[in-house]
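# Observations on chain architecture
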Amino acid sequence: MQFIDLAAQQSRIRDKIDARIAGVLDRGTYISGPEVSELETRLAEFCGALHCVSCANGTDALELALIALGIGEGDAVFVPSFTFAATAEVVPGLGATPVFVDVDSNTFNMDVASLERAIVHARSLGLRPAVVIPVDLFGLPADYAPIKAIVERENMRLIGDSAQGWGGRYHNQMTGTLADITTTSFFPAKPLGCYGDGGALFTNDPEKAALLDSLRIHGKGSEKYDNVRIGMNSRLDTLQAAILIEKLEIYADELESRNKVAQRYSTKLAPFIEVPFVPEGYVSIWAQYTLKARSQDERARLMTSLQNQGIPSVIYYPRPLHTQSAYADFPCDPSGLPVSVDLAQRVFSLPMHPYLTHEDQDRVIKCLIDALQIS
Ligand SMILES: *Cc1c(COP(=O)(O)O)cnc(C)c1O
């Protein structure tokens, strides 16, 4: 059994992908080919954003967003501690300071009260509160409304890290439209993945979109050899764009399948173990299906039982960022980050992808229930 079965998806659309790749090879426009802007148009339409700017990966997308917002020395950028390292990684490189915020124990997403404390703390350290980066962890949109209210009150800016959540819904809106700039990743294992590295940014602001377009291509101006600002080399390959066009065609259908898989897990497992919580008005895209064991020991036992039956499970994430060596010296919510620490000890994720069969899923469920009942 696969944790994420990319081969099943590939066999569904292999002929279409082959044709798309052949088209790129025939034309030979490997960089900035027409597929890139075609994909950007389709991605923007899908989520309802006015502009999409593709780039080389989800980490660059975060960096480009921060550069576009003018973030640098003296700026505090508030990020959850319970996330993938890239969310915080890009901040120090620009001379700014990541400030770690705790997450909610039910949604695993940024905790608003912790954000408030972290802002006061950052100011006391002489930093200027500048940007909040909520993460749509495991596919569930963050609680954007109260975060946005804080961001507006403090005259800050909002970047949504939707590397795991692009296409999810928060009330009437899709991720991609919920922040000043939303970033995503097309790393192969993400819900919308390409066959290499890729990423994109979304915004409704035409000036930001133009700026991001310049920044991703060496700070280009309107004339090719008059670069007007310091930028990066962060384009999405034409080949990856061509592949993503075909994957996007089936994405809505895949998200429905992911939701069915999640629903089925939750219905059957809820009497036995704490299953993921999806608040009213939210739709997750289920980048991960993550359970919470009662203790670190129980988690180890359950994962061993799964492993003994050839069922993969993975811990996302075993260490919150603020406890990792590279990040331990950056500021945190002064009340501590107890939920991030606790989750890291108890969470584990099950096989989750749109092509998981009932048969395989039932094996996972039975194995877990059996292991839980002998405890
Ligand atoms: C994967 C991921 C990224 C980085 O994306 P890459 O394309 O791998 O650079 C950023 N943030 C989160 C939350 C992610 O899961």
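Structure report, in brief. (Residues numbered from 1 in each chain as written. Predicted model: local features only at pLDDT ≥ 70, side-chain atom pairs only at ≥ 80, totals over all residues. Heavy atoms only, no water.)

### Some thoughts on the layout of surface pockets
Quick reminder of the rule: Buried and open spaces are told apart on a 1 Å grid over the protein atoms alone, a cavity being a set of points where a 1.4 Å probe fits but cannot get out and a pocket being an open set with protein on both sides within 12 Å along at least five of seven lines. Residues with an atom within 4 Å of a point are the lining residues. Grid points are joined across faces, edges and corners, and a volume is the space filled by probe spheres set on the points. A run of DSSP states H or I qualifies as a helix once it reaches four residues; a run of E qualifies as a strand once it reaches two. Both are numbered from the N-terminal end. Charged residues are taken to be Asp, Glu, Lys and Arg, nonpolar residues to be Ala, Val, Leu, Ile, Met, Phe, Trp, Tyr, Cys and Pro, and polar residues to be all remaining types, Gly included.
Estimates place the volume of the largest pocket at around 420 Å³. Together, 24 residues line the largest pocket, and F84, Q164, S185, F187 and K190 are the ones closest to its centre. Of the residues forming the lining of the largest pocket, the biggest block, three residues, is contributed by helix α3 (residues 58-68). In the lining of the largest pocket, the residues fall into 12 nonpolar, nine polar and three charged.

### As for the sheet that holds strand β8 (residues 181-185)
As a reminder, the rule being used: Pairing between strands is defined by DSSP: at least two bridges between them are needed. To get an axis, a line is fitted to the C-alpha atoms, and for a helix only the part in contact is used. The angle between two axes follows their N-to-C directions and goes from 0 to 180 degrees. Throughout, a contact is declared for two residues whenever any of their heavy atoms are within 4.5 Å.
Judged by pairing direction, the sheet is mixed, and its seven strands sit side by side in the order β1-β9-β8-β5-β4-β2-β3 without closing on themselves. The two strands at the open ends of the sheet, each matched to only one other strand, are β1 (51-55) and β3 (97-101). Ignoring which end each strand starts from, the neighbouring axes of this sheet average 30° apart. In this sheet, β3 lies alongside strand β2 (residues 75-80) in parallel orientation, the contact comprising five bridges. Opposite A76, over in β3, you have T97 as the bridge partner. Its contacts with the sheet put helix α7 (residues 206-216) on β1, β8 and β9 (199-203), and the angle it makes with β1 is roughly 15°.

### Structural notes on the pattern of salt bridges
Threshold: Salt bridge criterion: a side-chain nitrogen from Lys or Arg within 4 Å of a carboxyl oxygen from Asp or Glu. Per-residue accessibility, obtained with a 1.4 Å probe over protein chains only, is compared with the maximum for each type, and a residue is labelled buried under 20%, exposed over 50%, and partly exposed between these values.
Throughout the structure, instances matching the rule amount to 22 salt bridges. Across the salt bridge formed by R20 and E246, the nearest N and O atoms sit 2.9 Å from each other. Note that R20 is positioned in helix α1 (residues 6-27) and E246 in helix α8 (residues 238-249), a separation of 226 residues in sequence. Taking the relative accessible area as the measure of exposure, R20 reaches 21% and is therefore partly exposed. The exposure class of E246 is buried, given its relative accessible area of 9%. The closest approach of N and O atoms between R346 and D342, which form a salt bridge, is 2.7 Å. Here D342 and R346 lie together in helix α11 (residues 338-346), a separation of four residues that amounts to about one turn. The structure contains a network of salt bridges with shared partners spanning R20, E38, R42, E246 and E249.

### Looking at the sheet that holds strand β7 (residues 173-174)
What the three strands build is an open sheet, ordered β7-β6-β10; its pairing is antiparallel. Edge positions in the sheet fall to β7 and β10 (282-283), since each has one partner strand and no second. Where strand β6 (residues 169-170) lies against β10, two bridges are found, and the strand directions are antiparallel. Considered in β10, the bridge of R169 is made with V283.

### Re the environment of T183
Among the secondary structure elements, T183 is positioned in strand β8. For T183, a relative accessible area of 0% puts it in the buried group. Along the chain, T183 and G165 lie 18 residues apart, while their C-alpha atoms are 9.7 Å from each other. Not counting residues within four places of it along the chain, the set of residues in contact with T183 comprises A61, L62, A65, I159, G160, D161, S162, A163, A200 and L201.

### Re the state of the cysteines
Worth spelling out the cut-off: Two cysteine sulfur atoms form a disulfide, by the criterion used here, when they sit within 2.5 Å.
Inspection of the entire model under this criterion finds zero disulfides. Not part of a disulfide, C52 finds its nearest cysteine sulfur in C47, a span of 7.4 Å. Using a relative accessible area of 10% as the deciding quantity, one classes C52 as buried. In this structure C194 is a free cysteine whose sulfur lies 11 Å from that of C55, the closest cysteine sulfur available.

So far we have only geometry, and geometry alone does not tell us how the molecule works.
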